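Each chain, written out:
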Amino acid sequence: MEIKIRGLFQKVLCVAFIGILTLNASCTNTKEKEIEQVINDALNKSVKQSLLMAEKYADQPLVLPRSFVDGEMTTSDYGWWCSGFFPGVLWYLYEDSGDEELLKYAQQYTQRIEDAKYMTSNHDVGFMLYCSYGNGLRITGDSAYNEVLLTGAKSLSTRYREKMGLIKSWDFNEKIWQYPVIIDNMMNLELLLWASKASGDSIFKHISVSHADKTMVNHYRPDYSCFHVVSYDTVTAKPHAQQTFQGYSDESSWSRGQAWGLYGFTFMFRETKEKRYLDQANRIASYLLNHPNMPEDYIPYWDFDAPEIPKEERDASAGALIASALIELSSYVDKDLADKYLTVADKQIRTLASDEYTAKVGENGNFILMHSVGSKPHNSEVDVPLTYADYYYVEALMRYKNR
Ligand code: GLY
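This structure is a prediction, so every number in the text was calculated from the model and none was measured. (Residues numbered from 1 in each chain as written. Predicted model: local features only at pLDDT ≥ 70, side-chain atom pairs only at ≥ 80, totals over all residues. Heavy atoms only, no water.)

> Requested: an account of helix H13 (residues 387–402), with residues and values cited.
With 16 residues, H13 should reach 22 Å at 1.5 Å per residue; the first-to-last C-alpha distance of 22 Å fits that figure. Counting buried positions over the 16 residues of H13 gives 14, a clear majority of the element. (Helix = DSSP H or I, 4+ residues; strand = E, 2+ residues; numbered from the N terminus. Expected span 1.5 Å × (residues − 1). Buried < 20%, exposed > 50% of the residue type's maximum accessible area, 1.4 Å probe, protein only.)

Structure representation (structure tokens):
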């Protein structure tokens, strides 16, 4: 009996030891390997997870993955603002691998959101269509995608009023907001800038430049952090409220909002070559990278001013977005600054690619990353996988690899 117990005890010790060794190995792995290897491994894992996800809903033509909350998958139809991210992941992974299965699924899931091109009820058309159809067009040149994107750009433009000089983001909360514009709206300008080039109609660029210029003035504080929501008075066209919706407080720095701004002003510079946008992106980057509450691994807490830091949740989606934006921004600045941005992006990628953030294949509802925050004040999608975290993560991997 005593021998049996001792044997069992030794077995348990042995399994625990091997477990600790494996955990350590996989956690430190991404720190010790060459970044190229980290990225290739991360892309391979992403392909496996994304194919499993695509297979899961292959026979449900209206369904797009959304999240995995309390062990349950959540999905949406084309109308949710995130509908285009999963097709976008499939496009990027197809672009990298040339895998025909990925191409088939990228086309199939992209087609599911075609009706978003008629959406005029909010500003999210850019997210939906540019990540899906935009990547599809860029990679395959399929001219049928052109029409969808142009129709979507026209729908989005209906939300622009010349008197205000901005696209109206949302139509709800009318008792508080007359003409709400959220920082996220910067991201939808990429579709319009594309539309201007594709159609030759400068109105789309005019809208983008006007929106970005007013955002620069009214969303940004002197330290280059930004408000989430700025609502404009429809009579004076001046801000009447500067608030938050998904952040900790009106005066706080909601992390993903800061990331949307960094990303948005970076592509505004790419597309217009106007130095003011490059300066703005660099100043936002400086604010973020020097923030005392930015963790050493550069994956932010969900809000830089969240009250319980360091016990607050991290937001992998903000980390992935910042990484992707910094990699692009590094190509527009001098070598010293570029090295600084790439060093940060390298750290972010290694962290996100580690077991701390990347799920095991077959787990996490087949999303790639864990630990993002949708909206903490609404207790919605807190510390869960989100399609946009996966999208900007895969984009960052590709940008780093191909830079
Ligand atoms: N409204 C988009 C976001 O949650 O970032």
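> Please provide a residue-by-residue account of the pattern of salt bridges, values included.
For the structure shown, the criterion picks out 24 salt bridges. The shortest N-O distance in the salt bridge between Arg270 and Glu190 comes to 3.0 Å. Of this pair, Arg270 sits in helix H9 (residues 255–272) while Glu190 sits in helix H7 (residues 189–199), and the two are 80 residues apart along the sequence. On the basis of relative accessibility, which here comes to 21%, the residue Arg270 falls in the partly exposed class. Across the pair Lys275 and Asp279 runs a salt bridge whose closest N-O atoms are separated by 3.0 Å. Of this pair, Lys275 and Asp279 both sit in helix H10 (residues 275–289), four residues apart, which is roughly one turn of the helix. Salt bridges linked by common partners bring Glu190, Lys197, Arg270, Glu271, Glu328, Glu395 and Arg399 together as one network. (Salt bridge = Lys/Arg side-chain N within 4 Å of Asp/Glu carboxyl O.)

> Can you tell me about helix H5 (residues 125–140), naming the residues and giving the values?
Every α-helix carries 3.6 residues per turn, so stepping three or four residues along brings you back to the same face. Its 16 residues give H5 an end-to-end C-alpha distance of 21 Å, which sits within 8% of 22 Å, the value for a rise of 1.5 Å per residue. At Cys131, H5 shows its maximal bend, which comes to roughly 30 degrees. Buried residues dominate H5, accounting for twelve of its 16 residues. The secondary structure elements touched by the buried residues of H5 are helix H3 (85–97), helix H4 (100–111), helix H6 (143–157), H7, H9 and H13. Phi for Gly141, located one or two positions after H5, is positive at around 70 degrees. (Bend = angle between axes of the 7 residues up to and from the residue. Contact = heavy atoms within 4.5 Å.)

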